Amino acid sequence: MDIKRHIPNIVTLLNLFSGCIAVVFAVYGNFVAATIFVFLGIFFDFFDGFLARKLNVQSPLGIQLDSLADLVTSGVVPGIIMFKLISFTVDAPDYSTYSDGWNSIFHWQGFKLSILPLMGFLIPMASAYRLAKFNLDEDQQTYFKGLPVPANTLMILSLPLILEYQNNNIMNEIIINKWFLIGLTLLSCYLLNSNLKLFALKFKDYSFNNNAIRYIFLMMSLVTLIVLQFAAIPLIIGLYIILSLLDKKNIY
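Please read these numbers as outputs of a predicted model, since none were measured by experiment.

Visitor: Could you give an account of the packing of helix 1 (residues 7–27) against helix 3 (residues 60–89), naming the residues involved and the relevant values?
Guide: Close contact between helix 1 and helix 3 brings their axes to 9 Å; oriented N to C, the two are set at 15°. Here helix 3 runs roughly parallel to helix 1, going by the angle between their axes. Viewed along their axes, helix 1 and helix 3 form a crossing whose handedness is left-handed. Classifying every residue of the contact of helix 1 with helix 3 by side-chain character gives 15 nonpolar, six polar and three charged.

As structure tokens, this is what we get:
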């Protein structure tokens, strides 16, 4: 058996494993720990593709496995976090601790369900649709059609990090607003499955002329992160979209 061809798939499964741990932390409201494991999963997501190319062992199985792992790490986790954030804004019950006794697991008696937070699960649904389309689209080799799922995940996960570490009353009031969260959920679902053509951070060479849009984006993102910290992440996603629309000639 050729062990080499299984190495990228093992790394992909580490992405899935990280996503499963992130799900547990997200369900129990530990968003910081969930974010750490999502970041770890996204790292594995990048590294598995890198290894597959370097080892020349790309396969249809690897492509499908990658999307399945991404659906958990970059689809289900941000959906749960958005569900929890919206729940906070409408005083929904805490499902992770709610219980009327040991048999409440098996019966609906005494169980309360708040409808509005369920909109958060539009994110994993839209992510699944986007990943399925990506697997069938042979054009998205040098650019993306619609916002990549990991980028959307970073945008959603930045919200609890801003609440936890920025300590800015204006930002907090904006984030803990059900209409803002619902609007952001709908916007993210649209961006994931839109026909917007966005450049990929793939360098054929390292010349500035051929990669100007990528270098400008990376430099502006670094400066924004230094100045605004976690609050920079949604702005960086917006910058990514704007630069892609302004400089389409460098996308292809």
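From this point on, the discussion continues.
Visitor: Go over the packing of helix 5 (residues 149–165) against helix 7 (residues 178–192) with me, naming the residues and quoting the values.
Guide: Running from N to C, helix 5 and helix 7 cross one another at 170°; their axes reach a closest spacing of 10 Å. Looking at the two axes, helix 5 sits roughly antiparallel to helix 7. Counting all contacts with helix 5, which are made through V149, N152, M155, I156 and L159, the residues of helix 7 involved are F180, L181, L184, S188 and L192.

Visitor: Now, about the environment of I213: what can you tell me, with residues and values included?
Guide: Mapped onto the secondary structure, I213 falls in helix 8 (residues 208–228). Counting along the chain gives 14 residues from I213 to F199, while the straight-line C-alpha distance between them is 8.4 Å.

Visitor: An account of the packing of aromatic side chains is requested, with residue identities and associated values reported.
Guide: The geometry of an aromatic ring pair is captured by two quantities: the separation of the ring centres and the angle between the planes. In this structure the tally under the stated criterion is ten aromatic pairs. On the basis of an interplanar angle of 20° and a centroid distance of 5.8 Å, the ring pair of F25 and F37 is categorised as stacked. With F25 in helix 1 and F37 in helix 2 (residues 31–55), the pair connects residues that are twelve residues apart, well separated along the chain. Given the relative accessible area of 28%, F25 is considered partly exposed. Taking the centre distance of 5.0 Å and the plane angle of 20° together, the rings of F83 and F121 count as stacked. Of this pair, F83 sits in helix 3 while F121 sits in the loop between helix 3 and helix 4 (122–136), placing them 38 residues apart in sequence. A residue is classified by how much of its surface remains accessible, and F121, at 29% relative accessible area, is partly exposed.

Visitor: Give me the environment of T142: which residues, what numbers.
Guide: Position of T142 relative to the elements: it lies in the loop between helix 4 and strand 1 (143–145). What makes T142 partly exposed here is its relative accessible area of 28%. Residues T142 and K202 lie 60 residues apart in sequence; the distance between their C-alpha atoms is 7.1 Å.

Here is what the cut-offs are and how they apply
Residues numbered from 1 in each chain as written. Predicted model: local features only at pLDDT ≥ 70, side-chain atom pairs only at ≥ 80, totals over all residues. Heavy atoms only, no water. Axes fitted to C-alpha atoms, helices over the stretch in contact; angles between N-to-C directions. Helix = DSSP H or I, 4+ residues; strand = E, 2+ residues; numbered from the N terminus. Parallel < 35°, antiparallel > 145°, perpendicular 65-115°, else oblique. Left-handed = near helix turned anticlockwise from the far one by under 90°. Nonpolar A, V, L, I, M, F, W, Y, C, P; charged D, E, K, R; others polar. Contact = heavy atoms within 4.5 Å. Phe/Tyr/Trp six-rings, centres within 6.5 Å; stacked < 30°, edge-to-face > 60°. Buried < 20%, exposed > 50% of the residue type's maximum accessible area, 1.4 Å probe, protein only.

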